[in-house]
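Take a look at the letters that make up each chain.
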Amino acid sequence: MSVKNQIPLLWMDDEPQFIENYKQLLIIEGKQLFEIQVATSINEANNFLESKTNYYSGLIVDCKMDPFDALENGARFLSDINKKIKHLPTYVYSAYTTDPQYKSYIDNSLAIITEQKEINFQKPLLSQRFFKTILEKSGKYNKVKNIYPELITFHDYITNTSFYSKAVESHWEKHGHWIDIELTKKNWLWCVVIGENLYKGSSDLLEFPNEKELVQIGDRTNLIPFAYSKLLLPEDTFYDPNVLTQWNRTNLDNDFYPTIVAKINDRIIKDDFDTGAYCSFITSNLVEPSIFDFICSNEYGIHLGRDYKYFTKKVTISLIDDFEKEIQKELTIIVVKDWESSTFIQNNKNRQVLYGRDLLRTFAIEIYINSMDRITKIKLL
């Protein structure tokens, strides 16, 4: 069994002597972070996975397992495992990732891939990106692999939400790696996950389901509908707090953010309008969470150099133009947790919302921006 706090990995390679060398990369401050089980054949790897059900926190495979037998295809084995144990983090470490014999399987897998390269074994683990990724993703999965939020029935959840709160909070940690890969493959910006499958999704964030639609999906499937979106980042800017203007300064001289006034959940909020942002961002302090707002994060989704946690939600938003005409719509918005300590207020300490150009797609709108007086006027069409 694994030593306490070690992350158990299964590494499949028909030349196990090389794995011994790589173990040097998996040590930090004299501590071995992983317990590595070596399988020298596909059959042996299968036996380990079947006999130690839900034991391993990651699987690393080599593609070319036997130079004399083309059927010994490690990439094909990996593809099969991804279908059977989708939530298990998997990795390819091979010199043959572009070989046609393996590439088609790799392209259809849920694995994180790297080419074998010359390694400086004097460097610590965290200087090797591939092994750093293993530490991060397999470490997260190791903590939640024995929790099963994907099996909770919808009826049980809505009748006793607090009882299942810790389990559902672990859903993204357990399944986020394959969900993110699947979204990228499908070129989707959002999805609803039922059990261990993508139930629906699309490349248009405005189509993200509202709470009524999620309830209908839950009733239909009797499983919790976990709705997530890929993180889309605004452009980075710089704010000078000593300059008081109606618009907010960016990192360029004499350049300012225009502002927009909108009513969100019946609260009037005037804040920055960023045409470089695909979608809008808001502090969680202004949004009442529901039982369908599941937190996720993305280590590659960072703002001004720092990652953050968020959930995606349909909110009611109204625009009021200069002729006192008001139109109300539903808008998919990214709700950021711990806003006060995030980089979203780094450019403007009073910011509560960063409006994106999704407003332009949601509303029939004409925006007049006066750069001389730094004012914004809106005309609803």
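Before any of the text, the structure's been laid out above.
Let us look at the structure shown here. For clarity, every value in this text was computed on a predicted model and none was experimentally measured.

If charged atoms from side chains of opposite charge come close, those side chains can pair. According to the stated counting rule, one finds 7 salt bridges in the structure shown. For Lys230, the salt bridge goes to Asp180, with nearest N and O atoms at 2.9 Å. Taken together, the positions of Lys230 in the loop between strand 10 (226-229) and strand 11 (248-249) and Asp180 in helix 8 (residues 171-186) put the pair 50 residues apart, joining distant regions of the chain. Comparing Lys230 with Asp180, the two get one shared label, buried. A salt bridge links Arg361 to Asp204; its shortest N-O distance comes to 2.8 Å. Residue Arg361 is found in helix 10 (residues 358-362), and its partner Asp204 is found in the loop between strand 9 (197-202) and helix 9 (211-221); the two are separated by 157 residues along the sequence. Classification of Arg361 by relative accessible area gives partly exposed; the value is 41%.

For helix 2 (residues 42-51), the full list of buried residues reads Ile42, Ala45, Phe48 and Leu49. Down the axis of helix 2, the smallest arc covering the buried residues is 125°, so these residues share one side. The exposed residues of helix 2 that point more than 90 degrees off its buried face are Asn43, Glu50 and Ser51. On the buried face of helix 2, the contacting elements are strand 1 (7-12), strand 4 (34-39) and helix 3 (74-84).

Okay, the packing of aromatic side chains next. Tallied over the full model, the rule gives 13 aromatic pairs. Measuring from ring centre to ring centre gives 5.8 Å for Trp190 and Phe208, while their planes differ by 70°; the resulting arrangement is edge-to-face. With Trp190 in strand 8 (residues 190-194) and Phe208 in the loop between strand 9 and helix 9, the pair connects residues that are 18 residues apart, well separated along the chain. The two residues Trp190 and Phe208 agree in class, both being buried. Relative to Phe344, the ring of Tyr308 has its centre 5.1 Å away and its plane inclined at 85°; by these criteria the two rings are edge-to-face. Of this pair, Tyr308 sits in strand 17 (residues 306-320) while Phe344 sits in the loop between strand 18 (326-336) and strand 19 (353-355); the two residues are 36 residues apart in sequence, bridging distant segments of the chain. Taken as a pair, Tyr308 and Phe344 share a single burial class, namely buried. Among the aromatic residues, those joined into a cluster by ring pairs are Tyr157, Trp172, Phe226, Tyr228 and Phe294. Between Lys86 and the ring centre of Trp178, over which it is positioned, the NZ or CZ distance is 4.6 Å.

Counting residues in each nonpolar core, the largest one holds 42 residues, and the members touching the most others are Ile179, Val193, Tyr228 and Phe281. At the level of secondary structure, the elements contributing two or more residues to this core comprise helix 6 (154-159), helix 7 (165-169), helix 8, strand 8, helix 9, strand 10, strand 17 and strand 18.

Thresholds applied
Residues numbered from 1 in each chain as written. Predicted model: local features only at pLDDT ≥ 70, side-chain atom pairs only at ≥ 80, totals over all residues. Heavy atoms only, no water. Salt bridge = Lys/Arg side-chain N within 4 Å of Asp/Glu carboxyl O. Helix = DSSP H or I, 4+ residues; strand = E, 2+ residues; numbered from the N terminus. Buried < 20%, exposed > 50% of the residue type's maximum accessible area, 1.4 Å probe, protein only. Arc of directions from axis to C-beta. Contact = heavy atoms within 4.5 Å. Phe/Tyr/Trp six-rings, centres within 6.5 Å; stacked < 30°, edge-to-face > 60°. Lys NZ or Arg CZ within 6 Å of the ring centre and 35° of its normal. Core = buried A, V, L, I, M, F, W, Y, C linked by side-chain atoms within 4.5 Å.

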